[in-house]
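Chains, contacts and geometry: an overview
The lines below spell out each chain.
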Amino acid sequence: MTRVALLERLKELQQMPKFQNRDIRTISAVMSNEALAKHIEVCEAAVSGSNRPASVA
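Residues numbered from 1 in each chain as written. Predicted model: local features only at pLDDT ≥ 70, side-chain atom pairs only at ≥ 80, totals over all residues. Heavy atoms only, no water.

**A word on the packing of helix H1 (residues 3–14) against helix H2 (residues 33–48)**
Relative to each other, H1 and H2 sit at 25°, their axes nearing to 10 Å. In this view, H1 runs roughly parallel relative to H2, as classed from their interaxial angle. Every pair of crossing elements has a handedness; the one defined by H1 and H2 is left-handed. For the pair H1 and H2, the contacting residues are Arg3, Leu6, Leu7, Arg9, Leu10 and Leu13 in the first and Asn33, Leu36, Ala37, His39, Ile40, Cys43, Glu44 and Val47 in the second. (Axes fitted to C-alpha atoms, helices over the stretch in contact; angles between N-to-C directions. Helix = DSSP H or I, 4+ residues; strand = E, 2+ residues; numbered from the N terminus. Parallel < 35°, antiparallel > 145°, perpendicular 65-115°, else oblique. Left-handed = near helix turned anticlockwise from the far one by under 90°. Contact = heavy atoms within 4.5 Å.)

Here's what the structure looks like:
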């Protein structure tokens, strides 16, 4: 997945009620694409209520 696509997914997550009062996007400036993908995976798991994030493809 491209960095632009990852940032778009992160932008969508930022608007979720769980993250509206937290900044989950600024850190992406210093992350590699692999780290960014993992960050998104963890955030998505938090939104879904899962304690186990899905594996990154």
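**Quick look at the side chain of glutamine 14**
Within the secondary structure, glutamine 14 sits in helix H1. For glutamine 14, a relative accessible area of 13% puts it in the buried group. Among the polar contacts made by the side chain of glutamine 14, one reaches the main-chain carbonyl oxygen of phenylalanine 19 at a distance of 2.7 Å. Beyond its immediate sequence surroundings of up to four residues, glutamine 14 is in contact with Phe19, Gln20, Arg22, Asp23, Ile24 and Arg25. (Buried < 20%, exposed > 50% of the residue type's maximum accessible area, 1.4 Å probe, protein only. Polar contact = N/O pair within 3.5 Å; in protein donor to acceptor, adjacent residues only side chain to side chain.)

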